[in-house]
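# Survey of secondary and tertiary structure
This is what each chain is made of:
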Amino acid sequence: MATISIETTDRTDVLDVTEEVTRALPDDAEGIATVFVRHTTAGVTVNEAESRLLGDLADALEGLVPDAGWAHDEIDDNADGHVRAALIGPSTSVPVSDGRPALGTWQSILLVECDGPRTRTLQVEVAGT
Ligand code: ZN
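Residues numbered from 1 in each chain as written. Predicted model: local features only at pLDDT ≥ 70, side-chain atom pairs only at ≥ 80, totals over all residues. Heavy atoms only, no water.

Per an unreviewed UniProt entry, the protein chain goes by the name YjbQ family protein and belongs to Halapricum desulfuricans. The UniProt entry for the protein chain carries the following text under Sequence similarities (unreviewed entry): "Belongs to the UPF0047 family." (UniProt positions renumbered as here; feature names shortened; annotations may be inferred.)

This is the structure:
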């Protein structure tokens, strides 16, 4: 199991972490890699890392979930970030072959920041042969 630290730069931010995840994999890794974010206001998914689409994804999350009016805001004013992160989910699993994620041509592993900027920790663990 490896951990990766990622610096995010915006309140809502979608970053391509495929290269960081690939570096964290053993050279001979084969099987399934789980990429898990150890936070409650960030998520992980797989999609296309085209720069305008990354902005569209952030805009869509902000549009789907209003900023204010949540009960949890009485605690630390970031309920919108929790709800947005819950829509994405905290992890994804990708097949791994010869130490690399076996992704489709247009697929990348994306970290979705929902209460940044912060330093986020990703855990990468391979199960398999
Ligand atoms: Zn909170």
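Still more ground to cover, so stick around.
## Some words on the sheet that holds strand β2 (residues 13-16)
Think of a sheet as strands paired side by side through backbone hydrogen bonds, with each pair either parallel or antiparallel. Read across the open sheet, the three strands follow the order β2-β7-β4; overall the sheet is antiparallel. Here the strands that pair on one side only, and so sit at the sheet edges, are β2 and β4 (42-47). Direction aside, the axes of adjacent strands within the sheet are offset by 25° on average. Bridge count for β4 against strand β7 (residues 108-113) is six bridges, and the pairing is antiparallel. By the bridge assignment for β7, Asn-47 is matched with Ser-108. Contacts from helix α4 (residues 79-88) reach β4 and β7, with the element oriented near 35° to β4. (Pairing = 2+ DSSP bridges. Helix = DSSP H or I, 4+ residues; strand = E, 2+ residues; numbered from the N terminus. Axes fitted to C-alpha atoms, helices over the stretch in contact; angles between N-to-C directions. Contact = heavy atoms within 4.5 Å.)

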